[in-house]
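# A structural walkthrough
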Amino acid sequence: MTARVRIALEAFIVAATPPAPGSSPGQDLFTPATHLWRTAGPGFEPIIRTYRLSDLDGDGYAEYPIHGGMSEVNVAPGWVRIMDGRSGLVRQEWGGGPQPTNCFFQVPTGEYFGRYGAGLDLNGDGLRQEVVLGSWNSIIYCASLPLQVGRAELRSFPQGIPLLSLTPADSGNFGVPVENVGDLDGDGADEVLIGAPCWNGCTGKVRILSGMSLTELYSYPGWHTQQLFGNIAAGGGDVDADGVPDFILGAQYTYYPPTAAYNAGTARVYSGSTGSMIREHFATVENTWRGQSVQILGDIDGDAHAEYVIVDSYCCTTPLPASGSFIRFYSGATGAVLFSVNGLGGIWDIDRLEDVTGDGIPDLLVATTGTEFGPWAGLGWLTVLSGANGSVAHQVTTTSAGVYPLLIYSAVLGDLNGDGMEDFGAVLPGTVNNGYLGEFRAYTWTNLRVTGSLVPGGSATFEVKTPSRPNRPFRLGLSMGAGGFMLGPFHVPVTPDNLFFGTGAALAGTLDSTGAGSLTLPIPPTPSLTGLTLYATGAVLEPGLAVPIGVVLNRVTVLIQ
């Protein structure tokens, strides 16, 4: 330890009020990014959903949306706020409009603007700066008949103004869902999948539109009323190994006569190159709710075929299965079940993660009820499952009421902090905050850890890992407080005290070619250090920038025992 760092530490020991002795908090695969958390309040209520967009401005940090405004108890039109992944500040706000007024009577509500959306490259420039938003309405009445209407709106970032609105004549809640399915026709632009679950008596219909022209490439209608075919969808992986992305549609309300197994559910996998169905996985037991959530994961067994995941949620079975919902991982080559996972409670939402466990295989984000109070009732869990074998790699409770009706919408949001690893968020729409509904939470991949013998006379080793920043210099700083401050566009998650600036000037290193590095800090052999809590963070530097920072590292707690 340099004399400068030792003096800074010992000077602040005198002012510290040590907590009770204990152990340093565990460091998990992901760290709560609490500076990005938003609770509902005036002008920001209710908070309902989030989903993946992209790095809309090309600066290396993903933007993400928070959607709200329109709910069953709030008649204002929906809104989408585009949030900065580094700071959590609102970059832009986009709002919906009223329902159509060409009916002799209509429910006085606005449209459900932006509850579904996707970031895409629609012009082939290599940047996903275009956003397609689904905008659908609650039931309105025209000529005494209920009519479900909807539209999809195209906007481009950073202008943010509406460029185009698509409203098919046979709308049927057009805009539920909206998914980026990748470049299917080889023109360099992403194609967009848009569903219309209440098309033709809520039979449901899915359209695949060309990203370059927004004309229809493929369409898929459902085949019985109230099926809501394709209200769940995912794309982007190459299941049939022909070099073109494929997609999967879920329809959990499907039944198949003559068994008349209502809400048995199905999921269909389609070829992106031909539009034909590769295979179908249908259930025959009532209320299996197969297809409640679906994802194309990627190649997990090395055969060049992308594997995919289908959820059997068993939403409304009586009695509910004691094992909870099932997540089944299917072979892309054969359609056989490779392995399955259950015991997480009732499953509502899944999403694909790039490899976050370090084995080269994509992983899976899962939102479930948890099981603290029973097999279908808990505190609400966000779980990362290994794509290799389904084992739990990370799990956190949301501390919500967590019973099944209170949903958790989870989404992989991309790389929020620029370290080269994907991060995720979740919305708890049923959370009540001083009478306001909804809360958004974000979690970033842990890029700073502390290990070692954290005792007087021992040492603390700080390990840094930012794969996107090889061979860059980095600095670390210790603080007495776990507050935070803004430094340009970055949020630094500690209190900017004298200890922070003193250690930050002395603790420096350089990352290797993989973006990894470490520093070891000896702890002074002073008995009064026992029980002292310090907080550490740091930055990977990008010299030459106005604010020469590439990544601000997550905060770690250093509890000297």
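Residues numbered from 1 in each chain as written. Predicted model: local features only at pLDDT ≥ 70, side-chain atom pairs only at ≥ 80, totals over all residues. Heavy atoms only, no water.

## Some thoughts on the nonpolar core
Among the nonpolar cores identified, the biggest contains 25 residues, and Phe462, Val464 and Leu476 are the most heavily contacted of them. At the level of elements, strand S34 (448-453), strand S35 (459-465), strand S36 (473-479), strand S40 (516-522), strand S41 (533-541) and strand S43 (556-559) are the ones that each hand at least two residues to this core. The contacts of Phe462, once residues within four sequence positions are left out, are Leu448, Arg449, Val450, Leu476, Leu478, Gly517, Ser518, Leu519, Leu521, Ala536, Val556 and Val558. Counting 18 residues, the second largest nonpolar core, distinct from the first, contains Leu122, Leu154, Phe174 and Val192. (Core = buried A, V, L, I, M, F, W, Y, C linked by side-chain atoms within 4.5 Å. Buried < 20%, exposed > 50% of the residue type's maximum accessible area, 1.4 Å probe, protein only. Helix = DSSP H or I, 4+ residues; strand = E, 2+ residues; numbered from the N terminus. Contact = heavy atoms within 4.5 Å.)

## Describing the state of the cysteines
By the definition in use, this model includes one disulfide. Disulfide partner of Cys198: Cys202, at an S-S distance of 2.4 Å. The chirality of the disulfide connecting Cys198 with Cys202 is right-handed, given an S-S dihedral of about 80°. Take Cys198: its relative accessible area is 16%, and that puts it in the buried class. What makes Cys202 buried here is its relative accessible area of 13%. (Disulfide = S-S within 2.5 Å.)

## Brief notes about the confidence of the model for the protein chain
In regions of low pLDDT, the predicted coordinates are not meant to be interpreted in detail. Residues of the protein chain with pLDDT of at least 70 account for 88%, and the chain-wide mean is 88. Per-residue pLDDT stays below 50 along residues 139-145; that stretch engages in 21 contacts with residues further than four places along the chain or on separate chains. (pLDDT = per-residue confidence, 0-100.)

## Structural notes on a nonpolar patch on the surface
A contiguous nonpolar surface patch, about 270 Å² in accessible area, is contributed by Ile161, Leu163 and Leu164. Structurally, the position occupied by Ile161 is in the loop between strand S11 (150-156) and strand S12 (162-166). (Patch = residues over 30% accessible without salt bridge, like charges linked within 9 Å, V, L, I, M, F, W, Y side chains within 5 Å. Areas by Shrake-Rupley, 256 points an atom, 1.4 Å probe, with all protein chains shown as cover. Salt bridge = Lys/Arg side-chain N within 4 Å of Asp/Glu carboxyl O.)

## Some points on the side chain of Thr537
Here Thr537 is to be found in strand S41. Reaching out from Thr537, the side chain makes a polar contact with the backbone oxygen of Leu553 at a distance of 2.6 Å. Apart from residues lying up to four places away in sequence, Thr537 is in contact with Leu448, Arg475, Leu476, Gly477, Val492, Pro493, Val494, Phe500, Val552, Leu553, Asn554 and Arg555. (Polar contact = N/O pair within 3.5 Å; in protein donor to acceptor, adjacent residues only side chain to side chain.)

## What about the environment of Tyr112?
Inspection of the secondary structure assignment puts Tyr112 in strand S7 (residues 112-120). Put simply, Tyr112 and Ser135 are 23 residues apart on the chain and 5.3 Å apart in space, counted from C-alpha to C-alpha.

## Considerations on unusual backbone geometry
The omega torsion of the bond from Glu45 to Pro46 falls at -15°, within 30 degrees of zero and hence cis. Going from Val176 to Pro177, the amide bond is cis rather than trans, its omega being -10°. You can see Pro177 is positioned in the loop between S12 and strand S13 (178-182). One non-glycine residue, Asn173, lies in the positive phi region at around 60°. Counting through the fold element by element, Asn173 comes out in the loop between S12 and S13. Positive phi outside glycine occurs at Leu228, with the angle close to 55°. With respect to the helices and strands, the residue Leu228 is situated in the loop between strand S16 (216-221) and strand S17 (232-237). By relative accessible area, which is 19% here, Leu228 ends up buried.

## A look at the sheet that holds S40
Taken in spatial order, the three strands make up an open sheet running S34-S35-S40, and their pairing is antiparallel. One side of each edge strand has no neighbouring strand; the edge strands of this open sheet are S34 and S40. Recorded for the sheet is a direction-independent mean angle of 20° between the axes of neighbouring strands. Sheet topology note: the S35/S40 ladder contains seven bridges and is antiparallel. Each bridged residue has a counterpart across the sheet, and for Lys465 the counterpart in S40 is Ala516. (Pairing = 2+ DSSP bridges. Axes fitted to C-alpha atoms, helices over the stretch in contact; angles between N-to-C directions.)

## Here we look at the pattern of salt bridges
This model, assessed by the stated rule, comprises 21 salt bridges. The salt bridge partner of Glu153 is Arg151, with a shortest N-O separation of 2.8 Å. Here Glu153 and Arg151 have matching classes, each one buried. Between Glu354 and Arg352 there is a salt bridge, and its shortest N-O distance comes to 2.9 Å. The partly exposed category is assigned to Arg352, whose relative accessible area is 22%.

## Some points on the sheet that holds strand S22 (residues 307-312)
If you walk across this open sheet you meet the four strands as S21-S22-S23-S24, and the pairing is antiparallel. Each having just a single partner strand, strand S21 (290-298) and strand S24 (337-341) make up the two edges of the open sheet. Shown here is a sheet whose adjacent strand axes are inclined to one another by a mean of 20°, direction ignored. Taken together, the four bridges between strand S23 (residues 326-330) and S24 define a ladder with antiparallel strand orientation. Looking across to S24, one finds that Phe329 is bridged to Phe339.

## What to know about the pairing of S34
Sheet topology note: the S34/S35 ladder contains six bridges and is antiparallel. Note that in S35 the partner of Arg449 across the bridge is Glu463.

## Thoughts on the environment of Asp246
Mapped onto the secondary structure, Asp246 falls in strand S18 (residues 246-251). Each C-alpha atom of the pair Asp246 and Ser273 lies 7.6 Å from the other, and the pair is 27 residues apart in sequence. A polar contact of 2.8 Å, which involves the side chain of Asp246, links it to the backbone nitrogen of Gly272.

## Some details on empty space enclosed by the protein
Empty space among the atoms becomes apparent when a probe as large as a water molecule is rolled across them. For the coordinates displayed, the defined rule picks out four cavities of 30 Å³ or more. Reported here for the largest cavity is a volume of approximately 70 Å³. Classifying every residue of the lining of the largest cavity gives 11 nonpolar, no polar and no charged. (1 Å grid on protein atoms, 1.4 Å probe; cavity = no way out; pocket = protein on both sides within 12 Å on 5 of 7 lines; lining within 4 Å. Points joined across faces, edges and corners; volume = space filled by probe spheres on them. Nonpolar A, V, L, I, M, F, W, Y, C, P; charged D, E, K, R; others polar.)

## Looking at the layout of surface pockets
Computed from the structure, the second largest pocket encloses a volume of approximately 630 Å³. Together, 34 residues line the second largest pocket, and Thr31, Pro32, Ala33, Asn554 and Arg555 are the ones closest to its centre. Secondary-structure elements contributing two or more residues to the lining of the second largest pocket are strand S1 (30-32), strand S28 (392-397), strand S33 (439-445), S34, strand S38 (490-492) and S43. Looking at the lining of the second largest pocket residue by residue, the classes come out as 15 nonpolar, 16 polar and three charged.

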